[in-house]
2 protein chains.
Amino acid sequence: MIAALDEGWADPARLYREGRRARLLLDAAREAAAEAVGCRPDELVFTPSGTHAVHSAVSGAMAGRRRTGRQVVVSAVEHSSVLHAAQAYEQVTVGVDRSGLVAADDVRAALRPDTALVCLQSANHEVGTVQPVAEVAAVCRAAGVPLLVDAAQSLGWGPVEGDWSLLTASAHKWGGPPGVGLLAVRKGTRFAPQGPADERESGRAPGFENLPAIVAAAASLRAVREEAEREAARLSVLVDRIRARVPRLVPDVEVVGHGTLRLPHLVTFSCLYVDGEALLTGLDRAGFSVSSGSSCTSSTLTPSHVLKAMGVLSEGNVRVSLPPGTVAEDVEGFLDVLPGVVAEVRSALGAPAGGAIPDPGTAADSGAPGEAATEAGSDPATALVVDSLGTLCPIPVIDLARVIGDVPVGGLVTVLSDDEAARLDIPAWCAMREQEYVGERPAERGTAYTVRRRV
Amino acid sequence: MIAALDEGWADPARLYREGRRARLLLDAAREAAAEAVGCRPDELVFTPSGTHAVHSAVSGAMAGRRRTGRQVVVSAVEHSSVLHAAQAYEQVTVGVDRSGLVAADDVRAALRPDTALVCLQSANHEVGTVQPVAEVAAVCRAAGVPLLVDAAQSLGWGPVEGDWSLLTASAHKWGGPPGVGLLAVRKGTRFAPQGPADERESGRAPGFENLPAIVAAAASLRAVREEAEREAARLSVLVDRIRARVPRLVPDVEVVGHGTLRLPHLVTFSCLYVDGEALLTGLDRAGFSVSSGSSCTSSTLTPSHVLKAMGVLSEGNVRVSLPPGTVAEDVEGFLDVLPGVVAEVRSALGAPAGGAIPDPGTAADSGAPGEAATEAGSDPATALVVDSLGTLCPIPVIDLARVIGDVPVGGLVTVLSDDEAARLDIPAWCAMREQEYVGERPAERGTAYTVRRRV
């Protein structure tokens, strides 16, 4: 990058020597990136970010297929840039299983005569699940519908397999500089760039090229690819270690994402009765920088749409991304501090300590929440209502866990909550604790979630 | 920039320490840039380029004023990013005088009840003319219409005066890195960002922030501003030297742009009978990197829209931009080589050597072009037709200059040309050589341009 700042500052559209040199650098970067993507150099342009690449890909592909229709098929776990771009059209969402995996048959079933585009990520950005892109590409090709692959998560690990039509990626995701995205549009794909005309990058990416960053992006892609196979094998072992050991070290944890169809470096798990922001802060204090899809860590106070689509627990969510060069000692250090940090957060929240459900007789003595009340018109011995209104994740689930022992097996507990995360986390808690989730209904305030005690 | 690559690589939206540090850097950069612009930090966002800033400014301002109407007033000499963005609406163009200057009265006259936006550059990018922004801003404010100022050319020299509503700029234009633009939207300006939703930069600039470049952009803006006054005074003297000496050193040259209302570092002139690309190549060989608005240096083979709007000569056009630190010796070196390079290009094209018109009697002997013919039905002694069809700038003008002496004073010469540059350059030649431009009419092929010999 530093070399490119010296050599590649000029405008590649200019005729003087610095401009011609810039043009040569740009051409070389395009060739290198195209080779890594597996396309022709004239099929690839550089954009200012992966998000810009996605926005341009969706709008250009949809405009190119205007006569076909306005339907766009997306998976429920696409990156928000894809979902937001698709919102301008008739968006049809294909769901995923509990591991985050899309089924090619579900994509096939979603196709209609007016389907103009299908969007599928190569791998998920939050849970690492690798999607069946080649299979979906074959389905799309057979139906004559272009497939856009958001390859942001996986391009550093290897090219995207299959007969895709459009592909996007982001350099900072493979360890390159920020400010560079890729957009590849295979020959024969109808594509009409939208927005004001601009002569740069074949009219597909307006604005003065960020040449130093483009050169660095292409060089870094080549560099990470050279190490990719070895590094993937190494990191994958470390991820397996985290996947196996976290549930043994920390009670009430759900590791999410696919066990084998996954990125080599990413692992995500959720901890019951834990405030995600407090957990992140605790881990940060211990020197570990992790992300979270918990509602309390998002500006909208809703859980990640990916965890929601998977139907997994979102509270106490932790996403660990191992950067290249991570060694076993780093992972051991993380596993050493994690149980203590989780316990600390749980204790501060007054969360249930263990997994055992107390006996109804003793539970009343040992401090069921004051908000607990018998449901009007039902047997006070077998139905309880917990008012968790005004509290946020993970409090409603903690309230539920604290009173479930107050009803006999077969009895009902209803949690009143206006926290969006409860909709995801109460059923997820039931699945984890082998209780029966009965359902939800609108309440006078918020929503009433009902659970039947099974164990 | 290098420090920011080390310190500012993380996602400023994240809660861990690297993310928080990135957020602090981003906030500090925003404050510094806002101070230089003369706006509040929360009025300013960073975009991936000046072009993106302009596109977002126009689409956001037009959508914000949707109920007012779809008319947008632009000057004829705006940057192509402004003109292209305005093309999606009802674009009304305000002309300029021969120096490239917009008149505030012309803007006022163009305003209608459905005018949603006015766009005016702070200074022109090709000829350096500084526009009366404060005066136009007052006109717009009185009419209740927002003014968007494209300040790309001038922001390094100082803040934009006047009560503008929106402002855009580009870091690489002030010597900062590529990959960063600015968009300022003053409070109270109706603005509705277009395109897919994105949480970055107040929803006005989608995509992962290019933080290292943003930090470097803010730092470089502060640095160039510290030197701006001194450097402007110094470079302005050098530009004055070029403006004064080029017409004395090189025959048949027109210096274009305003003599005093101009940027300190930019000077543009056009040379009759010269192929712009050959001139650029010759100067490049001599070590000088200049740009050109000549048709032969553009991919569309049309002259720059700025020179066209000004009605000045476009052939042999040279734009000299003095970078900070340029010294008198650099300028002297340029003035030393320029006459020789121009003469060489002219000689290779067989252009007239001097300004004198040969006598009709001798001109015939001294080689009038073979294509010259008498116009059907007119006096062969007083009317000539030159067929320049299929030739490109500067050949049609050279053909005209070679035969004008073949008709007596008062006689007519008609040039047939299908080169777009002829429409601009034949009248410009007449103005420079004190001949009378009669007019143009469609011919069987191309256009017939008629000139009356006056001297």
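Residues numbered from 1 in each chain as written. Chains lettered and ligands numbered in written order. Predicted model: local features only at pLDDT ≥ 70, side-chain atom pairs only at ≥ 80, totals over all residues. Heavy atoms only, no water.

Under an unreviewed UniProt entry, chain A has the name Cysteine desulfurase and belongs to Actinacidiphila alni. In UniProt, chain A has this text filed under Cofactor (unreviewed entry): "pyridoxal 5'-phosphate". Comment text from UniProt for chain A, heading Sequence similarities (unreviewed entry), reads "Belongs to the class-V pyridoxal-phosphate-dependent aminotransferase family. NifS/IscS subfamily." (UniProt positions renumbered as here; feature names shortened; annotations may be inferred.)

Asker: Help me understand the interface of chain B and chain A in this model?
Answerer: Contacts between chain B and chain A engage 39 residues on the former and 39 residues on the latter. In this assembly, chain B packs against chain A so that about 3,300 Å² is buried in total across both faces, 62% of it on carbon and sulfur atoms. Note that A:R20 is salt-bridged to B:D284, the shortest N-O span being 2.8 Å. At the junction of chain B with chain A, the criterion picks out eight residue pairs in polar contact (both at pLDDT 80 or more). Looking at the side of chain B that touches chain A, the elements that each hand over two or more residues are α1 (2–7), α2 (17–37), α3 (50–64), α4 (80–86), α7 (211–249) and α8 (276–285) of chain B. For the side of chain B that touches chain A, a count of residues per class yields 16 nonpolar, 13 polar and 10 charged. (Contact = heavy atoms within 4.5 Å. Buried area = accessible area lost by both parts, 1.4 Å probe. Salt bridge = Lys/Arg side-chain N within 4 Å of Asp/Glu carboxyl O. Polar contact = N/O pair within 3.5 Å; in protein donor to acceptor, adjacent residues only side chain to side chain. Helix = DSSP H or I, 4+ residues; strand = E, 2+ residues; numbered from the N terminus. Nonpolar A, V, L, I, M, F, W, Y, C, P; charged D, E, K, R; others polar.)

Asker: Hey, could you run me through the pairing of strand β7 (residues 181–185) of chain A in this one?
Answerer: Where a strand is regular, its side chains alternate between the two sheet faces. Residues and elements named next belong to chain A. Judged by how many residues are buried, β7 sits mostly within the fold: five of five residues are covered. Burial along β7 is two-sided: G181, L183 and V185 facing one way and L182 and A184 facing the other are all buried. Looking at chain direction, strand β1 (residues 44–47) and β7 are connected through four bridges and run antiparallel. Looking at β7, one finds that V45 is bridged to L183. Here strand β6 (residues 166–170) pairs with β7 via five bridges, running antiparallel. (Buried < 20%, exposed > 50% of the residue type's maximum accessible area, 1.4 Å probe, protein only. Pairing = 2+ DSSP bridges.)

Asker: Would you mind going over the UniProt feature "domain: UPF0033" (unreviewed entry) in chain A with me for this structure?
Answerer: According to UniProt, the feature "domain: UPF0033" (unreviewed entry) maps to residues 386–410 of chain A in the numbering used here. Taken end to end, residues 386–410 of chain A is 36% helix and 8% strand, and its first and last C-alpha atoms sit 17 Å apart.

Asker: I'm lost on the sheet that holds strand β8 (residues 253–256) of chain B in this one. Help?
Answerer: Strand pairing in a sheet takes place through backbone hydrogen bonds and is either antiparallel or parallel in direction. All names here are of chain B. In space, the three strands of this open sheet follow the order β8-β9-β10, with antiparallel pairing throughout. The open sheet is flanked by β8 and β10 (317–321), the only strands paired with a single partner. Across the sheet, the mean angle separating the axes of adjacent strands is 25° when strand polarity is ignored. Across four bridges, the pairing between β8 and strand β9 (residues 266–271) is antiparallel. Bridge pairing in β9 places V255 opposite F269. α7 rests against β8, β9 and β10 of the sheet, and its axis sits at about 10° to β9. (Axes fitted to C-alpha atoms, helices over the stretch in contact; angles between N-to-C directions.)

Asker: How should I be thinking about helix α6 (residues 133–143) of chain A in this particular structure?
Answerer: Residue and element names in this part refer to chain A. Listed as buried for α6 are V133, V136, A137, V139 and C140. End-on, the buried residues of α6 take up no more than an arc of 160°, which puts them together on one face. Backbone geometry just downstream of α6 places G144 in the positive-phi region, at approximately 75°. (Arc of directions from axis to C-beta.)

Asker: How should the packing of aromatic side chains be read in this particular structure?
Answerer: Two descriptors summarise a pair of aromatic rings, namely the distance from one centre to the other and the angle between the planes of the rings. All names here are of chain A. Following the criterion strictly, the structure yields two aromatic pairs over all chains and no others. Pairing F288 with F334 gives two aromatic rings, centres 5.4 Å apart and planes at 75°, and the pair type is edge-to-face. Of this pair, F288 sits in the loop between α8 (276–285) and α9 (305–310) while F334 sits in helix α10 (residues 328–349); the two residues are 46 residues apart in sequence, bridging distant segments of the chain. The residue whose ring lies beneath R186 is W164, and the NZ or CZ to ring-centre distance is 3.6 Å. (Phe/Tyr/Trp six-rings, centres within 6.5 Å; stacked < 30°, edge-to-face > 60°. Lys NZ or Arg CZ within 6 Å of the ring centre and 35° of its normal.)

Asker: Where do I start with the pattern of salt bridges in this structure?
Answerer: Close approach of charged atoms allows side chains with opposite charge to pair. All names here are of chain A. Counted according to the given criterion, the structure contains 52 salt bridges over all chains. One salt bridge in this structure joins D11 and R14, with 3.6 Å as the shortest N-O distance. The exposure class assigned to R14 is partly exposed, which follows from its relative accessible area of 28%. Each of D11, R14, R200 and E209 takes part in a single network of salt bridges with overlapping partners.

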